[in-house]
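Notes for the structure review
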Amino acid sequence: MTAARNLFSPDHDQFRASVRRFVETELVPHHAAWEAAKIVPRAVWRRAGEMGMLCCNLPEAYGGAGADWLYNVVVIEELARAGLSGPGFMVHSEMVAPYILTWGSEEVKRHWLPRMARGEAIGAIGITEPGAGSDAKNIRLRARRDGDHYVLDGQKVYISNGQNADLVVTACRTDPEAGAKGVSLIVVPTDTAGFQRGRNLDKIGLKAQDTSELFYADVRVPVANRLGDENRGFAMMMTKLAQERLTQAIRSIVVAERAIRWTVDYTRERKAFGGTIADFQNTQFVLAALDAEVTGVRVFVDWCIARFVAGDLNPVDAAKVKLLATDLHCKTVDQCLQFFGGYGYMEEYPIARAYVDARITRIAGGAAEVMKQIIGRDLFTREDRS
């Protein structure tokens with residue numbers, strides 16, 4: 001990657017160095033074992049909390065470092081650089097914590113956020129259901145008001161951090177007749193009576209990340225656990241999805257950059273037909289085209305990061321950057337794997353793990369088709385902005 005980056009200060013660089021050491025010494029050596037176990041031990045979360053790697057941008061009043069969001073970006077990038085798909089820190093820090101910080105009551109914020117920053121409490125977000133994925137308007141999990149409590153009944157599926165989670169920000173239907181305008185977000189502690197975890201799901205990739213079914217049967221939680229106003233959950237989700245989609249794009253572009261680097265290094269050493277694979281024009285042309293594309297998307301990703309930090313990344317640009325970065329992520333690891341031949345099909349090679357881990361990026365956070373719908377709707381309804 002040749003594009004110069006001017007986002008980060010020397011303080012960010014120093015933090016990156018410490019995060020990289022932690023990743024290489026305390027995470028990488030154990031990741032294969034976590035893949036076999038299908039979960040990352042809770043002790044790892046506590047160590048990450050001690051290192052200041054969780055919820056970096058939370059205000060100090062809520063247990064964070066009060067840092068800017070670029071520190072979060074450093075953590076996302078360093079995990080991606082090492083090919084680590086297991087620790088669900090992104091969901092915890094970039095999805096759960098922002099909802100609570102923005103819309104939680106003071107009591108909810110002070111109860112959960114410091115523990116999340118320390119890695120003592122692990123967060124998950126419960127949106128997807130068997131009949132409601134990218135179209136969150138179809139959420140069916142019911143939250144019925146009963147005095148000072150809600151009573152929740154229903155099911156969630158494909159929930160990252162589902163086995164480890166201590167709290168689930170749960171999207172539920174509080175007005176069954178109102179469609180998108182009848183959804184609320186409620187913080188549900190996982191030790192609440194009636195809450196039950198299903199099995200830790202088997203996946204083709206992200207094998208070290210626990211992903212679960214969740215069941216709610218007469219789960220009673222205080223009304224005070226609701227985030228924001230009743231029936232405003234869908235609008236709140238739309239507000240925060242830009243951050244989630246940018247986060248996906250950041251991870252994708254780093255993996256694409258690393259895949260090209262792995263392939264350059266491998267083809268320089270791999271002998272074939274009296275030379276190296278790197279000597280072939282096809283190798284150079286394919287990798288050159290990929291590198292040009294990745295450099296271009298990297299510039300766009302960094303532009304979107306700067307816009308987000310400034311507080312003006314709009315949902316359409318977030319959809320564009322997720323669409324481009326995740327499509328290119330999948331394309332890059334696929335084409336790079338081809339140069340490894342049979343070795344590329346072996347799990348001990350990073351390119352093989354990157355290949356199977358890549359596919360979810362075009363689904364999670366809104367499928368690629370939904371991104372196109374968002375972009376297309378804007379394209380055909382906006383006034384001329386030139």
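What you see is a predicted model; the values in this text were computed from it and never measured. Within each chain, residue numbers correspond to sequence positions counted from 1 in written order. Given that this is a predicted model, residues contribute local features only at a pLDDT of at least 70 and side-chain atom pairs are listed and counted only at 80 or more, while totals for whole chains, interfaces and linings are drawn from all residues. Computation of side-chain values covers all heavy atoms of the structure but excludes hydrogens and water.

**A look at the overall build of the protein chain**
Threshold: Where helices and strands are cited, they refer to DSSP runs of H or I of at least four residues and of E of at least two residues respectively, numbered from the N terminus. Based on C-alpha atoms, the radius of gyration is set beside the globule rule, defined as 2.2 Å times the residue count to the power 0.38. Summary of the burial criterion: residues with accessible area below 20% of their type's maximum are buried, those above 50% are exposed, and those between are partly exposed, where the area comes from a 1.4 Å probe applied to protein chains only. Any two residues having at least one pair of non-hydrogen atoms within 4.5 Å are treated as being in contact. Surface accessibility in these figures is a Shrake-Rupley result with a 1.4 Å probe; residues are shielded only by whichever protein chains are displayed. Asp and Glu count as negative and Lys and Arg as positive, but His and the ends of the chain are not part of the count. Working definition for charges: the position is that of NZ of Lys, CZ of Arg, CG of Asp or CD of Glu.
A tally of helices and strands in the protein chain yields 11 helices and 10 strands. Here the C-alpha atoms of the protein chain give a radius of gyration of 21 Å, agreeing with the 21 Å that 2.2 N^0.38 yields for 386 residues. Based on the C-alpha atoms only, the size of the protein chain along its principal axes is roughly 80 × 55 × 40 Å. Taking all 386 residues of the protein chain together, the buried fraction comes to 54%. Here the analysis covers contacts within the protein chain between residues at least 6 apart in sequence; of these, 74% occur between residues at least 24 apart. A total of about 17400 Å² of accessible surface is found on the protein chain, and carbon and sulfur atoms cover 52% of it. Across the protein chain, the centroid of the 48 positively charged side chains sits 2 Å from that of the 48 negatively charged ones.

**Section: the packing of aromatic side chains**
Applied cut-off: Working definition: rings of Phe, Tyr and Trp (its six-membered ring) pair if their centres are within 6.5 Å, and the pair is stacked with planes under 30 degrees apart, edge-to-face with planes over 60 apart, and tilted otherwise.
Inspection of every chain in the model, using the stated rule, returns 11 aromatic pairs. Between Tyr266 and Tyr349, the ring centres sit 6.4 Å apart and the planes meet at 90°, which makes this aromatic pair edge-to-face. Separated by 83 residues along the polypeptide, Tyr266 in helix 7 (residues 233-269) and Tyr349 in the loop between helix 9 (315-339) and helix 10 (350-358) bring together distant segments of the chain. The class for Tyr266 is buried, based on a relative accessible area of 13%.

**Quick word on the pattern of salt bridges**
If charged atoms from side chains of opposite charge come close, those side chains can pair. Quick note on the threshold: What counts as a salt bridge is simple: a side-chain nitrogen of Lys or Arg found within 4 Å of a carboxyl oxygen of Asp or Glu.
All told, the structure shown has 23 salt bridges when counted by the stated rule. In this structure, Glu77 engages Arg298 in a salt bridge whose closest nitrogen and oxygen atoms are separated by 3.7 Å. One end of the pair, Glu77, is in helix 4 (residues 70-81); the other, Arg298, is in helix 8 (residues 281-310), and 221 residues separate them in sequence. For Arg298, a relative accessible area of 1% gives the class buried. Across the salt bridge formed by Lys156 and Glu129, the nearest N and O atoms sit 2.8 Å from each other. A residue pair is termed long-range when its members are at least 10 positions apart, and Lys156 in strand 3 (residues 149-160) and Glu129 in the loop between strand 1 (123-126) and strand 2 (142-146) qualify at 27 residues. For the residue pair Lys156 and Glu129, the accessibility class agrees, reading buried in each case.

**Observations concerning the UniProt feature "domain: Acyl-CoA dehydrogenase/oxidase N-terminal" (unreviewed entry) in the protein chain**
The test is simple: UniProt positions are given in the numbering used here, feature names are shortened, and annotations may be inferred rather than shown by experiment.
Under the local residue numbering, the UniProt record ascribes the feature "domain: Acyl-CoA dehydrogenase/oxidase N-terminal" (unreviewed entry) to residues 9-120. Regarding residues 9-120, the helix share stands at 66% and the strand share at 0%, and the terminal C-alpha atoms are separated by 30 Å.

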